[in-house]
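# Structural description and commentary
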Amino acid sequence: MSRKLAKCTLFDLHFYLSEKGQIEIEMSSVDPDDFRKAMEKGFPQYEGTYKVASLLRYLNSIGSEIRETSKRYF
C-alpha cells in the first residue's frame, strides 16, 4: 500500500455568494516569514524555502489587489 504524502494549504482566495445575494471574499495565507523560519528550523535541507516564501509574498500582493479591484463589481 502506498503512503499518502502530507500537504498543507499555503494560500486561499475564495469568493462566496451569501443567502442575501452579497459577495463575500475570504483570503488566507501562511505568513512568508513564518514559513521561512519554520522551514529553516524543521526542514533545513529543503532547497525551495526562499522561492516558496517569495511566491507567498506575490500571492498575497495579487490577492489584495484582486480583493480591492473586485469591489467595483458589487
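Scroll up to find the structure this text is about.
Residues numbered from 1 in each chain as written. Predicted model: local features only at pLDDT ≥ 70, side-chain atom pairs only at ≥ 80, totals over all residues. Heavy atoms only, no water.

Here the focus is the packing of helix H1 (residues 32–42) against helix H2 (residues 49–70). Running from N to C, H1 and H2 cross one another at 165°; their axes reach a closest spacing of 9 Å. Classed by the angle they form, the pair H1 and H2 counts as roughly antiparallel. Relative to H2, H1 is oriented so that their crossing is right-handed. Contacts from Pro32, Asp33, Phe35, Arg36, Met39 and Glu40 in H1 reach Thr49, Tyr50, Val52, Ala53, Leu56, Arg57 and Asn60 in H2. Broken down by class, the residue content of the contact of H1 with H2 amounts to 7 nonpolar, 2 polar and 4 charged. (Axes fitted to C-alpha atoms, helices over the stretch in contact; angles between N-to-C directions. Helix = DSSP H or I, 4+ residues; strand = E, 2+ residues; numbered from the N terminus. Parallel < 35°, antiparallel > 145°, perpendicular 65-115°, else oblique. Left-handed = near helix turned anticlockwise from the far one by under 90°. Contact = heavy atoms within 4.5 Å. Nonpolar A, V, L, I, M, F, W, Y, C, P; charged D, E, K, R; others polar.)

Here we take up the pairing of strand S1 (residues 11–17). Here S1 runs beside strand S2 (residues 23–29); their pairing, made up of 7 bridges, is antiparallel. Pairing of Phe11 across the sheet is with Ser29, part of S2. (Pairing = 2+ DSSP bridges.)

All right, on to a nonpolar patch on the surface then. Taken together, the side chains of Phe15, Leu17, Ile23, Ile66, Tyr73 and Phe74 make up a nonpolar region of the molecular surface, amounting to roughly 650 Å² of accessible area. Within the element layout of this structure, Phe15 appears in strand S1. (Patch = residues over 30% accessible without salt bridge, like charges linked within 9 Å, V, L, I, M, F, W, Y side chains within 5 Å. Areas by Shrake-Rupley, 256 points an atom, 1.4 Å probe, with all protein chains shown as cover. Salt bridge = Lys/Arg side-chain N within 4 Å of Asp/Glu carboxyl O.)

Below, the discussion takes up the nonpolar core. Counting residues in each nonpolar core, the largest one holds 5 residues, listed as Phe35, Met39, Val52, Ala53 and Leu56. Within the residue set of this core, elements represented by two or more residues are H1 and H2. In contact with Phe35, other than residues within four places in its own chain, are Leu10, Val30, Thr49, Val52, Ala53 and Leu56. (Core = buried A, V, L, I, M, F, W, Y, C linked by side-chain atoms within 4.5 Å. Buried < 20%, exposed > 50% of the residue type's maximum accessible area, 1.4 Å probe, protein only.)

Bear in mind that shape data such as this cannot, by itself, settle questions of function.
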